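Architecture and fold: a report
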Amino acid sequence: MTPRFGSLSDAPATFQLTGVRVVDPSDGTDAVRDLAVVEGRIANGGSPPSDKPRLDGRGLVVAPGFCDLHAHLREPGGEGAETIASGTQAAAHGGYTTVCAMPNTDPPLDEAPRVAWVASRARDASARVRVVAAVTRGRAGETLTDIDEMAGAGAVAFSDDGAAIPSSHLARIALQAMGPLGLPLIEHPEDPNLATATLMRAGPVATRLGLTGWPPSAELVVVERDIALAEETGGRLHLTHLSTAAALDAVRRAKDRGVRVTCDVTPHHLAMTDAWVAGDRDFSWDEPRDTDPFGQPLDPDHAYDGACRVNPPLASREDALALLRGVADGTIDAIATDHAPHPPERTLVEFAEAAPGMIGLETALSIGLAAVEAGCLSLSTLLAALSTGPAALIGEERGLRAGAPADLVVFDSSARWRVERETIASRSTNTPLLGMELPGVVRLTVADGRVTYDEGVGLLV
């Protein structure tokens, strides 16, 4: 059966899953049982009417729907790469029921009417869209936007996405302004003075490839500055796509002191390393086949792949493994995709000319399950980082308790799928995972009681 997509405006669903493994990080549940949805809500015992679908859940996992704190839906202005419609279908395909749209659109989301426009545009989408509004006008880092007005229009956080607020004074004012609203400042922690003209992570691989190296200090100096400002003001700080062990250690120490700081990491910074730029396709947890970056000839099919250029750059193996440990011990609050679609003409070019970023909504669960298979994470920890953790940061509830609106994903953790242009719902296909086989196939996604993705289950006909 061909996969089908639904929308948030569809009628509420009624069905029962029998013998499914229920994993709910909100209350620690991990048990095989039946789960029923009646008129879009988790049923309190019993089962749906006899004429409603009963689905065999044996071998499947049901978990709270995923929440992505960092996605680029490109609308308005970048519809050639992605739209709200295509991006939320990609989200539903990946098990997401909420995505946070970042403000680097054209024009940027720096005024209340633009925030409201995105929310209106997403009413019939395949996932809820929450807006992260720009913190400075035009994302220029000079003048704060009207934070109160955009919060009133529905913004759940503020960020200049792609750049940290350059002025410490302005960052401090922003944290103070958001404090009474209880909303976070989401910072891209990078010092442009240290990162300018860099292409990949500094180290032996960059030397081998002749590419300018990005130093880890570029991340750390902004992380430490912003933690100090959050500690002083009491504002909420969220650091996005951390990529270094040093920055993670700074966050860990700040949390121990009670600073209101949270952070996320991308799937690609957990699983891929700087060696991918040289053509390697082993995950960070795989035993290196050759520790000498000069020991093997470069793979002509994969070396200098523009899809491996991301910002911050792919980490060293040591940093990636430290980030995995940060997810496992709870220091990292969420896995966020930084889904960054680009058309082919911006990625199928020389590495130095490639637009930074890769798509991730449809592969995040699979990368996480590969880490679970490798023994780096438990399934419940992975699902918490994809669902309950990020949802809590933007004020959404997640869980499979009776009476709650059905917000869930059903997946087969043992099934495999191949990442191909034909299997991706996103309008763009810029990922170095193309052609690779990954674990975990989403069978069903239900957002706010509506079936938004059906991989042959038969609820959408």
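Structure: above.
Here is a short report on the structure shown in this document. (Residues numbered from 1 in each chain as written. Predicted model: local features only at pLDDT ≥ 70, side-chain atom pairs only at ≥ 80, totals over all residues. Heavy atoms only, no water.)

1. Looking at the overall build of the protein
Scanning the protein from terminus to terminus reveals 13 helices and 19 strands. Taking 461 residues into account, the globule formula puts the C-alpha radius of gyration at 23 Å, and the protein, at 21 Å, falls close to it. Seen through its principal axes, the protein has C-alpha atoms that stretch 65 × 55 × 45 Å. Of all 461 residues assigned to the protein, the portion counted as buried reaches 57%. As displayed, the protein offers around 17,300 Å² of accessible surface, 48% of which is attributable to carbon and sulfur atoms. In the protein, the 39 positive side-chain charges and the 63 negative ones have mean positions that sit 4 Å from each other. (Helix = DSSP H or I, 4+ residues; strand = E, 2+ residues; numbered from the N terminus. Rg over C-alpha atoms; globule rule 2.2 N^0.38 Å. Buried < 20%, exposed > 50% of the residue type's maximum accessible area, 1.4 Å probe, protein only. Areas by Shrake-Rupley, 256 points an atom, 1.4 Å probe, with all protein chains shown as cover. Lys, Arg positive; Asp, Glu negative; His and termini not counted. Charge placed at Lys NZ, Arg CZ, Asp CG, Glu CD.)

2. A closer look at the environment of Gln176
Structurally, Gln176 can be placed in helix α4 (residues 168-178). Judged by relative accessible area, which is 39%, Gln176 ranks as partly exposed. Residues Gln176 and Ala230, 54 residues apart in the sequence, show an inter-C-alpha distance of 8.7 Å.

3. Some points on the packing of aromatic side chains
Scanning all chains against the criterion turns up four aromatic pairs. Arranged with centres 5.2 Å apart and planes meeting at 50°, the rings of Phe5 and Tyr453 form a pair that is tilted. Highlighted residues: Phe5 in strand β1 (residues 4-5) and Tyr453 in strand β19 (residues 450-454), separated in sequence by 448 residues. For Phe5, a relative accessible area of 29% puts it in the partly exposed group. Between Trp276 and Phe283 the ring centres are 5.9 Å apart and the planes differ by 25°, which places this aromatic pair in the stacked class. In this structure, Trp276 and Phe283 share a single accessibility class: buried. Aromatic ring contacts, followed pair by pair, group Trp276, Phe283 and Trp285 into a single cluster. (Phe/Tyr/Trp six-rings, centres within 6.5 Å; stacked < 30°, edge-to-face > 60°.)

4. Quick word on the pairing of strand β9 (residues 128-133)
Most of β9 sits out of view: five of its six residues are buried. Strand direction decides the pairing type here: β9 and strand β10 (residues 157-158), joined by two bridges, are parallel. Looking at β10, one finds that Val132 is bridged to Ala157. Crossover β9 to β10 through helix α3 (residues 147-152) is right-handed. (Pairing = 2+ DSSP bridges. Right-handed = clockwise from strand over helix to strand, strands pointing away.)

5. Observations regarding the side chain of Asp407
Inspection of the secondary structure puts Asp407 in the loop between α13 (388-393) and β17 (408-418). Within the structure, Asp407 has its side chain in polar contact with the side chain of Arg128 (distance 2.9 Å). Setting aside residues no more than four positions away along its own chain, Asp407 makes contact with Ala63, Pro64, Gly65, Thr97, Arg128, Arg398, Leu400, Val446, Ala447 and Asp448. (Polar contact = N/O pair within 3.5 Å; in protein donor to acceptor, adjacent residues only side chain to side chain. Contact = heavy atoms within 4.5 Å.)

6. Some words on the packing of α4 against helix α7 (residues 217-233)
In helix packing, the relevant descriptors are the interaxial angle and the interaxial distance, both defined with respect to the helix axes. Packing of α4 against α7 brings their axes to within 9 Å, and their N-to-C directions diverge by 40°. By the angle class used here, α4 and α7 are oblique. For α4 against α7, the interelement crossing comes out right-handed. Counted together, Ser168, Ala171, Arg172, Leu175 and Gln176 of α4 and Arg225, Asp226, Leu229, Ala230, Glu232 and Thr233 of α7 form the full contact between these two elements. Residue composition of the contact of α4 with α7, by class: four nonpolar, three polar and four charged. (Axes fitted to C-alpha atoms, helices over the stretch in contact; angles between N-to-C directions. Parallel < 35°, antiparallel > 145°, perpendicular 65-115°, else oblique. Left-handed = near helix turned anticlockwise from the far one by under 90°. Nonpolar A, V, L, I, M, F, W, Y, C, P; charged D, E, K, R; others polar.)

7. Considerations on the environment of Ser243
Locating Ser243 in the fold gives a position in the loop between β14 (237-239) and α8 (245-256). With 64 residues separating them in the primary sequence, Ser243 and Gly179 have C-alpha atoms 27 Å apart. If we skip the residues at most four places from it in the chain, Ser243 touches Arg201, Trp214, Glu219, His269, Pro312, Ala315, Asp319 and Leu323. Reaching out from Ser243, the side chain makes a polar contact with the side chain of Glu219 at a distance of 2.9 Å.

8. Re helix α2 (residues 112-121)
If you check which residues of α2 are buried, you get Ala112, Val115 and Val118. All buried residues of α2 lie within an arc of 125° about the axis, which places them on one face of the element. (Arc of directions from axis to C-beta.)

9. Here's the deal with the side chain of His93
Looking at where His93 falls in the secondary structure, it is placed in helix α1 (residues 84-93). His93 gets classed as buried once you look at its relative accessible area, which sits at 13%. Contacts of His93, omitting those with residues within four sequence positions, involve Phe5, Glu362, Thr423, Ala425, Val442 and Tyr453.

10. What about the pattern of salt bridges?
Tallying each qualifying case throughout the model produces 24 salt bridges. Ionic pairing is found between Glu111 and Arg114, a salt bridge with its closest N-O pair at 3.9 Å. On the basis of relative accessibility, which here comes to 35%, the residue Glu111 falls in the partly exposed class. Taken together, the shared-partner salt bridges connect Arg128, Arg130, Glu396, Arg398 and Asp407 into one network. (Salt bridge = Lys/Arg side-chain N within 4 Å of Asp/Glu carboxyl O.)

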